[in-house]
Amino acid sequence: MSARPGKYLALIPVLAAYLGMFVFGRVQPDMWQLVAMLAFYCCLGQAFNLFLGMTGYVDFGYVAFVGVGTYGMALTLSRLSGVEGIGFGALVIGLLAAAGMSAMLSIAVGAVALRLRGAYFAIATIGVNEGFRYFIEGARIWNGSEGIIFSKDLRAIFGRETAIALSTFWADVFVIVIGASAAVVTLIYMRSKIGFALTALREDEDAAKVIGIFVTKYKIIAFITSAVFAGLLGATAWALKLTYVYPPDAFEIHYTVEAIIIVMLGGAGTLLGPVVGGLLYGLSKYWLAIILPGFQLLIFAPIILVIIVAFPEGTVGYLKKKVRGTALERYIV
Amino acid sequence: MAMLKVENLESGYGSMQVLWQPSLEVEKGSITSLLGPNGVGKSTLLLTVLGVVAPSGGKITYEDLDVTRMPSHDKVDLGLTLVPEGKHLFPSMTVHENLLMGAYRKEARRHREESLELVHALFPILKEREKQVAGSLSGGQQQMVTIARALMTKPKMIMMDEPSQGLAPKLVGEVFETIEKLKEEVGLTILLVEQNAAASLDAADYVYIMHEGRIKAEGKPEEIKGSSEIREAYLGV
């Protein structure tokens, strides 16, 4: 538990995976869209794992943070397109707005819902996502149900060439960087007091309380961090890449379900799990769509069921047990 | 001198009130026993005193300090802790890691090495099993880890909720021996909730009987033992 040499060695495999995706996409340009999809799933899992994996709490409204981040970037670009010479400043402001808005939403939701335990928390969060979507549509804020289309604004700010490069290439690169950053933050948390507190509360919240751990504080830290990465993911993978946002797309609940599957498949609370889960999930989805188009979800459900029954700790959780006490222990975390 | 003073405490869960103004005092350096059948609010009282359950009325004084509204993590800093009912340990951590987690607070961490020595002297088996994953220990050893982890918080007063629950008769005796050692050798103040009335009466310096969220009787163990009325009505011994 104390400082020991090589405590950050575990970053090597996870960062190598993100770098590998990038390199593969550059070497095989016709596979870039596949890489973009895989990066999205890995990043989604990595961000969600910061909360679900570290605390053991399931947030069924998680995609709301991705959606709000998407709006953060969309609003920034559409409002700032008239500002002379703003250029890349608009991107920075957009990312900050995305992070800030998802952080604020997570504080508002967390302050109420994180007082609830386990299943009650899960139930309470289901409503958040749908509620927020209908709030945007019903109250007609942020252009209501018409959404925001800002491809014109993107061109006005950056010029045609750069705007295309941003949505077809750089948006995906940002997603890879955000996923890798989420992994770095995860390991920093794991190796600090925060991680010990979160592990303790995940394993036994009552025991954590009686030894003096301020559990609510650490739950909120994990919740906000996870939400911020989700917001950044939305700002890049959805806003920047698609150049439009509609409420039903931004708050589509099946992304929450996919995030849960990825984290469970890879191993909740592990560092490497979301990448393994994201790759497994993304590749199987891609492959099933080719060999059995239209049937992928029907086939995918039982496959996931079998994996979760056979490896309840996820792929990486299982591997971690296998390498305990060996030299690989430091790398598979 | 009273280390802990509880006055007219009220608390519960949501709209369900469990504690109906019980009052009690725990003398410094004593073992005070809280007895009563299941479901009368003994655990709720301990959880409320620590601050895990919020009180809705009454007053809690610890070392002459009003701690009624103080959150549990601050109370742990003041040297108050609880061994919760059931075996609440961190199952995937090793025995050693469980103990280190006990010294999570800054104040406790400063005394970590001496606390570890104390704990290993009290429970030598935990030193032997140091590297074993806590979830794979036997029931009795798990209970030892829970008590040992509480000691790692560097407490002055420790509340124990049914520490002998579910243990083999031989181990029940060992748990009570440990409790008496904690008082005699370590100098801890102990508030003990037990279903094992006979053993509890033998160990205690003072006894409270709780029923339906209220204190129904109190006295020295001999007095309680001497009153057939109390024994029949509340203890079944």
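Predicted model only: the values in this text are computed from it and were never measured.

Colleague: How should I be thinking about the overall build of chain B in this particular structure?
Modeller: A count of helical and extended segments in chain B gives eleven helices and eleven strands. Principal-axis analysis of the C-alpha atoms gives chain B an extent of 50 × 40 × 35 Å. Accessible area of chain B: about 10,100 Å², with a carbon and sulfur share of 48%. Considering chain B, the positive charge centre built from 26 side chains and the negative charge centre built from 33 side chains are found 5 Å apart.

Colleague: Looking at this model, I keep getting lost on the overall build of chain A. Mind explaining?
Modeller: Summing up its helical and strand segments, chain A has 16 helices and two strands in all. Here the C-alpha radius of gyration of chain A, 20 Å, is about what a compact globule of 333 residues would show, namely 20 Å. Considering only C-alpha atoms, chain A reaches an extent of 60 × 45 × 45 Å along its principal axes. In chain A, which comprises 333 residues, the share counted as buried stands at 51%. The long-range fraction of contacts in chain A, counting pairs at least 24 apart against all pairs at least 6 apart in sequence, stands at 79%. Carbon and sulfur atoms make up 69% of the accessible area of chain A, which amounts to about 14,300 Å² in all. If you average the places of the 24 positive and of the 18 negative side-chain charges in chain A, the two averages end up 8 Å apart.

Colleague: Help me understand the packing of aromatic side chains in this model?
Modeller: Centre-to-centre distance and the angle between the planes together describe a pair of aromatic rings. Residue and element names in this part refer to chain A. A full pass over the atoms with the stated rule returns 27 aromatic pairs over all chains. With 4.7 Å between their ring centres and 55 degrees between their planes, F51 and F223 make a pair best called tilted. Separated by 172 residues along the polypeptide, F51 in the loop between helix 2 (32-49) and helix 3 (52-55) and F223 in helix 11 (residues 215-242) bring together distant segments of the chain. Here F51 and F223 have matching classes, each one buried.

Colleague: What's the story with the interface of chain A and chain B in this structure? I'm lost.
Modeller: Listed by partner, the interface residues are 20 residues for chain A and 24 residues for chain B. Carbon and sulfur atoms make up 65% of the surface buried where chain A meets chain B, a total of about 1,900 Å² over both sides. Counting across the chain A and chain B interface gives zero salt bridges. At the junction of chain A with chain B, the criterion picks out six residue pairs in polar contact (both at pLDDT 80 or more). Contributions of two or more residues to the side of chain A that touches chain B are made by helix 9 (193-203) and helix 10 (205-210) of chain A. No other element matches the seven residues that helix 9 of chain A contributes to the side of chain A that touches chain B.

Cut-offs used in this document
- Residues numbered from 1 in each chain as written.
- Chains lettered and ligands numbered in written order.
- Predicted model: local features only at pLDDT ≥ 70, side-chain atom pairs only at ≥ 80, totals over all residues.
- Heavy atoms only, no water.
- Helix = DSSP H or I, 4+ residues; strand = E, 2+ residues; numbered from the N terminus.
- Areas by Shrake-Rupley, 256 points an atom, 1.4 Å probe, with all protein chains shown as cover.
- Lys, Arg positive; Asp, Glu negative; His and termini not counted.
- Charge placed at Lys NZ, Arg CZ, Asp CG, Glu CD.
- Rg over C-alpha atoms; globule rule 2.2 N^0.38 Å.
- Buried < 20%, exposed > 50% of the residue type's maximum accessible area, 1.4 Å probe, protein only.
- Contact = heavy atoms within 4.5 Å.
- Phe/Tyr/Trp six-rings, centres within 6.5 Å; stacked < 30°, edge-to-face > 60°.
- Buried area = accessible area lost by both parts, 1.4 Å probe.
- Salt bridge = Lys/Arg side-chain N within 4 Å of Asp/Glu carboxyl O.
- Polar contact = N/O pair within 3.5 Å; in protein donor to acceptor, adjacent residues only side chain to side chain.

These figures capture arrangement, not role.
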